[in-house]
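# Report on the structure
Spelled out, the chains give:
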Amino acid sequence: MKKKYLILGSILLVVFIIITIFVLSMNKSDKETTEVNKKSISENDLEKLTVDDYKNNNIPNFEDFNFDDVDTFYYYGMRMNPGIYKENATRTEREKIYKYHFNLKEAILEMCKKNGDWILIINNDRVRAGNVDKQEKYFNQKNGLFEDFDYTEIESSDILGSDNYGKYVDIVAKNTSEKRKYRVRVHIEDGNIQSVNVKLGNVDILNNNTNMQTKKILFDDGHTKENFENLCRYNNAYVGGLEWDGDDIAISNNFKTKYKTFLDLFIHYSPLEYNKVTLLDLDINKKKVKFEVDSFLECKRRTYDVKYSLSSDLQLEEAQVELINEKDVDFDVFEKQSAYYIFKNSNLKKIEIPISNKFIEKYNERTGIFDLDVVNFDIDSVSISGTKVYIYKFLLKNRDIKWVGGIDILDENNKIDDFFIIDLLYNNISMEEAKERFLADTELQKELGIK
């Protein structure tokens, strides 16, 4: 009897072992199959991933793919923030997404077009119009940003600037009758366009038979304060050619001839983005107004009394400006550190990057590093044999474009002790073209001491 139970127990044990081995084998097989499937997914199959796949983390291990910059930007962007870009984007679309993200001028040009492809820029077919008070107004891709103008040609300026609202570029659009200059500003958060502001500047009539009336906001009792407040905000000194960005305000030609921008009433060495103008007080009866100007790069706050006069048709005609107070103010360090080098009378002691006392003593007088009347600039850099070379494109007050290359000279403590510069004989080309030309010019590199 015992022998019978012993045999039965042995049989059951063998069966249990066989079943266990089978189950483990199946699990191993399933795991291997899963790993094989996960790794065997092709790059073409990646285009089939949906936003839900990213949200549920139902995605392959991207480290298994040899992505270039375009695909790295797209797929890792979708992983970190699902839905930020169009899902199932093809390679061609991913290339456009990459281009529009890093080339704002191209993105804005696309958004100016009627029936443009906005989904590769903002993943939407409309965007909120900026600076709209107490109402929701949107631009849409069907009508484009210039919804009220049917143009036949369009081009952007070469200069991309920034101010308190965001980044901007000037766009020229024209048809057979008119040539219009717009300034398009975009407000960007977390790398994405959130809203757009479009401001009409100069309008040139190309057809003498076309009559166009420009509505001016006069300096009457009901609009004088609003006009001065807007002038404090509108102007961006000289950038891109829109000297008078507040062109709907009634400014006489006499006033515009004397002052290229409203900021030119006051002491300043840099554009409006580095200066804040505030209206403090206004006496309409005495035609007297008080302004405060914070010059961030100089760390100066100045207060002015301005007596103004109006023409018979209530346009701003003339101004007499008196500086009544000036004091040093410890402003927060401005984001654009490079601006301190460029504009005259900047307070170099506010720069957080390491510079030596010799550097401060040499350049903190009046001229700045370049001793140029710069009204705006673009900057980029290239690396050659471990040396970082800065390339500057300056827009000067006389409207000339000047290119300069420069390298830091360090002292024994690795602080910037001086700055070696060289003129670059380039014309009005793009920054990318300038960088390519510099990288190919070995003789110019030798002049900068690069071997």
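Above this text is the structure in question.
In short, a report on the structure. Note that this is a predicted model, so its numbers are computed, not measured. (Residues numbered from 1 in each chain as written. Predicted model: local features only at pLDDT ≥ 70, side-chain atom pairs only at ≥ 80, totals over all residues. Heavy atoms only, no water.)

## Description of the environment of Asn347
With respect to the element layout, Asn347 can be found in the loop between α9 (338–342) and α10 (357–363). For the pair formed by Asn347 and Leu297, sequence separation is 50 residues and the distance between their alpha carbons is 6.0 Å. (Helix = DSSP H or I, 4+ residues; strand = E, 2+ residues; numbered from the N terminus.)

## Looking at the sheet that holds strand β9 (residues 300–310)
Reading across from one edge, β7-β8-β9-β10 is the order of the 4 strands in this open sheet, with antiparallel pairing throughout. Strand pairing shows two members of the sheet lacking a second neighbour, β7 (275–283) and β10 (316–328), which therefore form its edges. Averaged over all pairs of adjacent strands, the angle between strand axes in this sheet comes to 25°, irrespective of strand direction. (Pairing = 2+ DSSP bridges. Axes fitted to C-alpha atoms, helices over the stretch in contact; angles between N-to-C directions.)

## Points about the packing of aromatic side chains
This model, assessed by the stated rule, comprises 32 aromatic pairs. Taking the centre distance of 6.2 Å and the plane angle of 40° together, the rings of Tyr390 and Phe419 count as tilted. Of this pair, Tyr390 sits in strand β12 (residues 387–396) while Phe419 is found in strand β14 (residues 416–424), placing the two residues 29 residues apart along the sequence. For the residue pair Tyr390 and Phe419, the accessibility class agrees, reading buried in each case. Here the aromatic rings of Trp403 and Tyr426 are separated by 5.8 Å at their centres, their planes lie at 65°, and the arrangement is edge-to-face. Linking Trp403 in strand β13 (residues 401–410) with Tyr426 in the loop between β14 and α11 (431–440), this pair joins segments that are 23 residues apart in sequence. (Phe/Tyr/Trp six-rings, centres within 6.5 Å; stacked < 30°, edge-to-face > 60°. Buried < 20%, exposed > 50% of the residue type's maximum accessible area, 1.4 Å probe, protein only.)

## Here's the deal with the nonpolar core
Core analysis: the biggest nonpolar cluster contains 42 residues, and Met111, Leu145, Phe146, Ile193 and Val196 have the highest contact counts within it. Of all the secondary-structure elements, those providing two or more residues to this core are α3 (51–55), α4 (69–80), α5 (91–102), α6 (104–112), β1 (126–129), β4 (167–174), β5 (178–189) and β6 (192–205). Considering every element that reaches this core, the biggest residue donor is α6, with 6 residues. Listed in part, the 25 residues of the second largest apolar core include Tyr274, Leu396, Val404 and Phe419. (Core = buried A, V, L, I, M, F, W, Y, C linked by side-chain atoms within 4.5 Å.)

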